[in-house]
There are 2 protein chains.
Amino acid sequence: MRQKINSPINFERRARIIKAMAHPSRLAMLHALADGEKCVCDLREIVGADVSTVSKHLLVMKRAGLVADRKDGLWVHYRLRVPCVLDFMTCVEAVLDESREKACCKIG
Amino acid sequence: MRQKINSPINFERRARIIKAMAHPSRLAMLHALADGEKCVCDLREIVGADVSTVSKHLLVMKRAGLVADRKDGLWVHYRLRVPCVLDFMTCVEAVLDESREKACCKIG
DNA sequence: ATACTATTTGGTACTATAGCCAAATAGTCG
DNA sequence: CGACTATTTGGCTATAGTACCAAATAGTAT
């Protein structure tokens, strides 16, 4: 049975997913995964943090359902599970643009 | 001059916006604002928290550029500034669906 | 000015998140 | 097995976010 769109429980579930994206390093990783899966070591280089930190970030995103992993020998490869999350960035940029407009160019 | 799409500073800016959405009450408010502006008192009823809490949530979203406010006598009306943020919910639901599928119906 | 209403701000207690180091686990290769 | 590499986990500290109450602010109306 489907939840009502505006039931509190639904907002909690959605917030968990959105929260899992709400970190610069995690956004950078999602962006990097756009062109295919990457091992933790690759992602570590991209975000430039301790491997353990990166691993924990990935766990957060995995639990949220944003990424999936695949073990291959010593390496664990992560991949985007629902690529549409990246499309959202266009809208996020629109928020930034709108803010810039209001901050610098509006008269009165 | 435009920032490179994957510059660290850009991920920070985007994370700030996404973080401002990453709370059940704030999502509920954004959803409620879809059909036009609402006063703080309306939003308070919708989320069922202390007015001061609601006010602080709104400040977070205002600073992020998600909502704008307009004073009218005693009331302050908030409105969505960039409605496309709500379109993202379709994708968030896809993440939830994908998770449900993997959890319950996949064989092997 | 006083009484009243809507909203914001300050303070504080509580919980959650992030980062790093060190240690544990898992797999490869000689 | 022992040495080595990739990743995860545990533990700790620092920082950030949340919620409520109480007090301050702002506007209306008498």
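Residues numbered from 1 in each chain as written. Chains lettered and ligands numbered in written order. Predicted model: local features only at pLDDT ≥ 70, side-chain atom pairs only at ≥ 80, totals over all residues. Heavy atoms only, no water.

**Points about the pairing of strand 2 (residues 67–72) of chain A**
Residues and elements named next belong to chain A.
Next, step 1: As paired strands, strand 2 and strand 3 (residues 75–80) are joined by 6 bridges and run antiparallel to one another. Its bridge partner being in strand 3, Ala68 is matched across the sheet by Arg79.
Next, step 2: Hairpin connection from strand 2 to strand 3: 2 residues lie between these consecutive antiparallel strands, with Gly73 at a positive phi of about 65°. (Pairing = 2+ DSSP bridges. Helix = DSSP H or I, 4+ residues; strand = E, 2+ residues; numbered from the N terminus.)

**A short note on the interface of chain B and chain A**
Interface size is commonly expressed as the accessible surface area that is lost when the partners come together.
Next, step 1: Facing the 39 residues of chain B at the interface are 39 residues of chain A.
Next, step 2: Around 3,500 Å² of area is buried between chain B and chain A when both sides are counted, 75% of it from carbon and sulfur atoms.
Next, step 3: Arg14(A) is paired through a salt bridge with Glu93(B); the nearest N and O atoms lie 2.8 Å apart.
Next, step 4: Connecting chain B to chain A are 4 residue pairs in polar contact (both at pLDDT 80 or more).
Next, step 5: Taken together, the elements giving at least two residues each to the side of chain B that touches chain A come down to helix 1 (8–21), helix 2 (24–32) and helix 5 (84–104) of chain B.
Next, step 6: Per-element accounting of the side of chain B that touches chain A gives the leading share, 15 residues, to helix 5 of chain B.
Next, step 7: Of the residues in the side of chain B that touches chain A, the class split is 22 nonpolar, 6 polar and 11 charged. (Contact = heavy atoms within 4.5 Å. Buried area = accessible area lost by both parts, 1.4 Å probe. Salt bridge = Lys/Arg side-chain N within 4 Å of Asp/Glu carboxyl O. Polar contact = N/O pair within 3.5 Å; in protein donor to acceptor, adjacent residues only side chain to side chain. Nonpolar A, V, L, I, M, F, W, Y, C, P; charged D, E, K, R; others polar.)

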